[in-house]
Amino acid sequence: KTATFRASVYLLLSLILVLLLASCTQDDPATPSDDPAVVQQQVQDGSWRITSFIDSGKDETSHFSGYVFTFNANGMLQASNGSVTHTGAWSVTNSNSQDDSPGDVDFNILFNLTNAFEDLNEDWHILSQSSTRLELIHVSGGNGGTDYLTFEKLP
């Protein structure tokens with residue numbers, strides 16, 4: 001009986017281990033890429049919207065409600081709500097620094113405007129990234145505030 005019990009327990013533990021290993025993937029889709037080209041390709045594919053913008057603890061997402069963002073291959077960024085279009089620039093660079101970004105890849109946004117869009121002008125660090133979601137963070141060197149920005153791809 002003891003040998004049969006041990007064999008059953010061993011078989012059960014082995015099955016659990018196999019199931020756990022099978023459920024793991026090598027590439028977590030939300031893990032930021034260390035390759036700027038991967039990030040560039042993902043954001044150029046389709047249109048995006050801001051689903052969250054937290055500026056030093058204050059939720060300012062509503063400032064971008066209704067705007068659709070397009071990241072063009074030539075580095076041009078457009079934000080349009082159907083009647084108003086703002087044009088800016090964007091890029092993805094390797095920052096080569098040891099800061100709060102796991103991949104040390106920066107997502108850079110620049111709008112030459114003096115409205116709510118100027119708050120997006122930063123060298124954002126990528127917290128997580130997939131083909132449908134981009135979560136960014138910026139820690140201010142001046143006031144020490146932390147900003148969070150999330151883009152989600154439109155269907």
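Relevant structure appears above.
The model shown is predicted, which means the values in this text are computed figures rather than measured ones.

Another point: the overall build of the chain. From N to C terminus, the chain includes 2 helices and 9 strands. Listing each helix as α and each strand as β along the chain from the N terminus yields α-α-β-β-β-β-β-β-β-β-β. In the chain, which comprises 155 residues, the proportion classed as buried is 31%. Across the chain, the fraction of contacts at a sequence separation of at least 24, relative to all contacts at a separation of at least 6, is 45%. Accessible area for the chain stands at about 9,200 Å²; split by element, carbon and sulfur atoms hold 54% of it.

Attention shifts here to the environment of V43. Note on placement: V43 falls in helix α2 (residues 36-44). Distance from V43 to T132, taken between C-alpha atoms, is 8.4 Å for residues 89 residues apart in sequence.

Ranked by size, the top nonpolar core spans 25 residues in total, and within it F69, F71, F107, I109, L120, L149 and F151 carry the most contacts. Beyond its immediate sequence surroundings of up to four residues, F151 is in contact with W48, R49, I50, F69, F71, I109, T132, R133, L134 and L136.

Side-chain pairing between opposite charges can occur once the charged atoms of the two side chains come close. By the definition in use, this model includes 3 salt bridges. The salt bridge partner of E135 is R133, with a shortest N-O separation of 2.9 Å. Owing to a relative accessible area of 31%, R133 belongs among the partly exposed residues under this scheme. Two residues, E152 and R133, come together in a salt bridge whose shortest N-O distance is 2.2 Å. On the criterion of sequence distance, the pair formed by E152 in strand β9 (residues 146-153) and R133 in strand β8 (residues 133-139) is long-range, its members being 19 residues apart. It is possible to trace a salt-bridge network through shared partners that takes in R133, E135 and E152.

What follows covers the packing of aromatic side chains. Within the structure shown, the criterion is met by 11 aromatic pairs. Ring centres 5.5 Å apart and planes at 75° place the aromatic pair F71 and F107 in the edge-to-face group. You can see F71 sitting in strand β3 (residues 68-71) and its partner F107 sitting in strand β6 (residues 105-111), a full 36 residues away along the chain. Per residue, the accessibility class of F71 equals that of F107, and both read buried. Their ring planes at 25° and their centres at 5.8 Å tell us that W90 and F107 sit as a pair that is stacked. Here W90, found in strand β5 (residues 85-94), pairs with F107, found in strand β6; they are 17 residues apart in sequence, far enough to count as distant.

Inspection of α2 places P36, V39 and V43 among the buried residues, and these make up the whole buried set. The buried residues of α2 occupy one face: seen down the axis, they fall within an arc of 65°. Of the surrounding secondary structure, the elements contacted by the buried residues of α2 are β1 (47-55), β3, β5, β6, β7 (122-129) and β8. Capping the start of α2, D35 holds a side-chain oxygen 3.0 Å from the backbone nitrogen of A37, two or three residues further along. Two residues or fewer after α2 comes G46, characterised by a positive phi angle close to 105°.

Okay, the environment of T132 next. Relative to the helices and strands, T132 is located in the loop between β7 and β8. According to the relative accessible area criterion, T132 is partly exposed, its value standing at 46%. Separated by 23 residues in sequence, T132 and P155 place their C-alpha atoms 8.9 Å apart. If sequence neighbours within four positions are ignored, T132 has contacts with W48, F151, E152 and K153.

Cut-offs and rules
- Residues numbered from 1 in each chain as written.
- Predicted model: local features only at pLDDT ≥ 70, side-chain atom pairs only at ≥ 80, totals over all residues.
- Heavy atoms only, no water.
- Helix = DSSP H or I, 4+ residues; strand = E, 2+ residues; numbered from the N terminus.
- Buried < 20%, exposed > 50% of the residue type's maximum accessible area, 1.4 Å probe, protein only.
- Contact = heavy atoms within 4.5 Å.
- Areas by Shrake-Rupley, 256 points an atom, 1.4 Å probe, with all protein chains shown as cover.
- Core = buried A, V, L, I, M, F, W, Y, C linked by side-chain atoms within 4.5 Å.
- Salt bridge = Lys/Arg side-chain N within 4 Å of Asp/Glu carboxyl O.
- Phe/Tyr/Trp six-rings, centres within 6.5 Å; stacked < 30°, edge-to-face > 60°.
- Arc of directions from axis to C-beta.
- Polar contact = N/O pair within 3.5 Å; in protein donor to acceptor, adjacent residues only side chain to side chain.

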